[in-house]
Amino acid sequence: MSKIFIGVAWPYANGSLHLGQIAGAYLPPDIFARYHRMKGNQVLMVSGSDQHGTPITLRAEREGVKPGAIAARYHQEFLESWQKLGISFDLFTSTGTANHTRVVQKVFLSLLEKGYIYRGIVSQPFCPQCQRFLTDRYIGGTCPYCRSEKARGDQCDDCGKPLNAAELIQPQCSFCDEAPEFRDSEHFFLKLSAFQDRLLEWVKKKDSWRQNVRNFTISYLEGGLHDRAITRDIGWGVPLPLPGFEGKRIYVWFEAVIGYLSATKEWAKSSGDEERWQDFWQGDKAKGYYFIGKDNIIFHTVIWPAMLMGYGNLNLPYDVPANEFLTIEGRKLSTSRNWAVWLPDYLSRYDPDPLRYLLSISMPETSDTDFSWGEFIRRNNDELVATYGNLVHRVLTFTYRQFDGCVPKHSRYDDFSMFLDDLDEGNDIGTICPDMDNHSIDMIEDAKEAFRSMDLLLSKCQFRQAIMRAMSLAQDANRYLDMKSPWKVIKEDRQAAADSLYIALCVISHLSKLLYPFLPFSSQKLHEYLGFAGNVEDDGWRLHSPTPGQKLLPPEPLFSKLDEELAGEESARLRQSSSE
Ligand SMILES: [Zn+2]
Ligand SMILES: [Zn+2]
C-alpha cells in the first residue's frame, strides 16, 4: 500500500474562489485523492486558507476591518464550497493556527542554525507620501523579465516569476502612485544560492514530470538562484521566534509552503497519533504530490524543495502536476476586473457534477483552456445527459419494468468478474461461452480495457484523457444497446433480452466506478440504483458486476437537461458585472 500525500495550493482568504482556481488546483487533486482512496492506498489531502500576506491586509484596509475578520469570513466560505463541490480534503486548515506558527518557527530556527538563513540589510521601498513601507502587493511596476506592466513587488503573474520590489522597473505605490524611495532595514535571508546545483540535479532526473513544469524549473534554475529576504516590516503574519524583531513578520511565501507540513502534523494530532505525520513525509512508500496553478510552480519546485533539503530528513516533492490557466469566454480571467465565474455563485444555481465534468474534460493540463457558458450547457446536454445519463437511464428503467425491479439472470454467467477472469487467463471465448456473440464479447473487453487504461492515466495525473476514455465507453455501450434492442427482442426471446441487459448493467456499474473520481455525486446515486449498499468509494477500484436477482432501486435520471437560452443569459450577466 502506497502513502499518497496530496498538497494543494493554499488559497488567499481574501475573496471567493473562482473557476480558474478550481480547474487549476482544486479539482485535479480531488480526482487523484478519490482514485487512490478507491485503490485502497493511504491518502492524505491537505490545504488551508492562507490568512497572511498583503492580499488580506489590502482587502481589510479597503473595508476598514481587521485582517483576521476577512480571513475568517472567507475561510468559512471555502469550507462550504468544498463541501458543495465535493472537494474531499482530509484537512482544510489555515495558516492562522498556533500549530502552524509553531511549525514555521521551528523550521525557521533549524535553517538559521544550519546557516541556510542569515541576517542582512534590505533596501525596502518606502512611500514618502503615505509614510509607510511598501511590501509585496503594495507596490507595482514593470516586470524586468517579461515587461508586463502589471507586476507586483512579490511576483509577476504574467510570467510567473517571483520578484523583489527593487527589481521592478518604474515602481509605484499602489495607494497613491507615487514613486517610492528605498530605505535600509535589517532582515533575514534564505540562502537559496546554496541549493542551486542540488536542485538542478534533482529536477533533471524528474523525467515523469509534465514537460512545462520541468522545463520552466530548469530554465529558472539555470538563470541563477539568488538569496531572498524572508521577513518583512509588517504587523500581520507569523512572528519571528527571536527577540528584537517584534515589528517584523515572516514573509508569507516562506511560511505558507510550510503549511503542508504543519497541516499534516495537525491532522496527525487530531487522529490521536501525533507521530503519524511521518507516514506521509518519510520513507520510499510515501509520495508527495503538489497540485497548483502555473503561477505557483517555482515555490513548489525550487523554494519549498530547497527549504526541505536544508531542513533535512523529509521527502521532496514526488510530482508537481501544475496546470495552465483557464480563460473565461475567450478572455484572460481577471478577479480585479470581475471577469470570472465565482464558485459560490455557480453552486447556488447548478449541480456540482456538471461543472466537475466540464472542468475535467477541458482541464488546462498542458495548455490554457477556455470556459464558456455555451460549452458548459452543450456538454451537459449532449454528453452528460444524452450519452452517459441516457445510457444509464434506459438500461435501468427498462430492466426495472421488465424484470420485477431486479438484475436479470444471464444465461451463462452469474458473475461477470468470472468472465473477466476467464478472459484474463487467455481462454478461448468460443470454448468458455459458446453462446456469447462477438458484440457482447467486444463490449465486455472494451469495459475491461477502459478500466486498465484509466488506471494508468489516473496514476499519471492525466485526468482529461482518463475521463474521455470513460465517455467513449459510454458511447460504445449506447451503440451496443441500440444494436441489441432488448426492448424489441424481449417480445420473442426474453432470455436474449436479459443477456444483453445484464451486460449493459455490468458496463454502467463499471462506469459508476470509472467516473467516481470525476463525478462522485452521480456515481454514488448510480451505485445505489444498481442495488449496491454503502459507499461507492469503499467498494474499491474494481469492476464489480451486479448479481442476478439483486434488487434495483426505482431509477431517476442522473442529470438534467439545461435550457440552451441560459448560455446567453449567463454570458450577459458576466459581461454586465465585469468592468472589462
Ligand atoms: Zn513578468
Ligand atoms: Zn503612497
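Our structure's up above, just so we're on the same page.
Residues numbered from 1 in each chain as written. Chains lettered and ligands numbered in written order. Predicted model: local features only at pLDDT ≥ 70, side-chain atom pairs only at ≥ 80, totals over all residues. Heavy atoms only, no water.

## Topic: the coordination of the zinc ion (ligand 1)
Item 1. Those donors, Cys143 (SG), Cys146 (SG), Cys156 (SG) and Cys159 (SG), are the protein atoms that reach the zinc ion (ligand 1), and they lie 2.3 Å from it.
Item 2. Taken together, the four donor atoms surrounding the zinc ion (ligand 1) define angles of 106 to 113° at the centre, an arrangement classified as tetrahedral. (Donors = N, O, S within 2.8 Å, 3.2 Å for Na, K, Ca; no water. Tetrahedral: all angles 85-135°; square planar, octahedral: opposite > 155°, others 65-115°.)

## Structural notes on the sheet that holds strand E11 (residues 231–232)
Item 1. Strand order in this open sheet of three strands is E11-E13-E12, and the pairing throughout is antiparallel. Pairing within the sheet leaves two strands with one partner each, and these edge strands are E11 and strand E12 (238–239).
Item 2. As paired elements, E12 and strand E13 (residues 249–250) share two bridges and run antiparallel to each other. Bridging across to E13, Val238 finds its partner in Ile250. (Pairing = 2+ DSSP bridges. Helix = DSSP H or I, 4+ residues; strand = E, 2+ residues; numbered from the N terminus.)

## Focus: the environment of Arg228
Item 1. Here Arg228 lies in strand E10 (residues 228–229).
Item 2. Taking the C-alpha atoms as reference points, Arg228 and Glu569, 341 residues apart in sequence, are found 48 Å from one another.
Item 3. For Arg228, the side chain forms a polar contact with the main-chain oxygen of Leu163, separated by 3.3 Å. (Polar contact = N/O pair within 3.5 Å; in protein donor to acceptor, adjacent residues only side chain to side chain.)

## Points about the coordination of the zinc ion (ligand 2)
When a metal holds four donors in a tetrahedron, each ideal angle between them is 109.5 degrees; when it holds six in an octahedron, the ideal angles are 90 or 180 degrees.
Item 1. Only Cys127 (SG), Cys130 (SG), Cys173 (SG) and Cys176 (SG) from the protein reach the zinc ion (ligand 2) as donors, at distances of 2.2 to 2.3 Å.
Item 2. Viewed at the metal, the four donor atoms of the zinc ion (ligand 2) are separated by angles of 102 to 114°, and the geometry they form is tetrahedral.
Item 3. All donors of the zinc ion (ligand 2) come from a single chain, and their spacing in sequence reads C-x2-C-x42-C-x2-C. In this pair, Cys127 is assigned in strand E4 (residues 117–127) and Cys173 in strand E8 (residues 169–173), connecting sequence segments 46 residues apart.
Item 4. Assessed through its relative accessible area of 0%, Cys173 is described here as buried. (Buried < 20%, exposed > 50% of the residue type's maximum accessible area, 1.4 Å probe, protein only.)

## With respect to the packing of aromatic side chains
Item 1. The tally for this structure, following the rule as stated, stands at 40 aromatic pairs.
Item 2. Judged by centre distance (5.4 Å) and plane angle (70°), the ring pair of Trp82 and Phe92 falls under edge-to-face. With Trp82 in helix H3 (residues 67–85) and Phe92 in strand E3 (residues 91–94), the pair connects residues that are 10 residues apart, well separated along the chain.
Item 3. Judged by centre distance (4.8 Å) and plane angle (45°), the rings of Tyr116 and Phe195 are tilted. Of this pair, Tyr116 sits in the loop between helix H4 (98–113) and E4 while Phe195 sits in the loop between strand E9 (181–190) and helix H5 (196–204), and the two are 79 residues apart along the sequence.
Item 4. Among the aromatic side chains, those forming a connected cluster through ring pairs are Phe108, Phe188, Phe245, Tyr251, Trp253, Phe254 and Phe299.
Item 5. One residue, Lys114, lies across the ring of Tyr311, its end atom 5.7 Å from the ring centre.
Item 6. Over the aromatic face of Tyr138 sits the side chain of Arg132, whose NZ or CZ is 4.7 Å from the ring centroid. (Phe/Tyr/Trp six-rings, centres within 6.5 Å; stacked < 30°, edge-to-face > 60°. Lys NZ or Arg CZ within 6 Å of the ring centre and 35° of its normal.)

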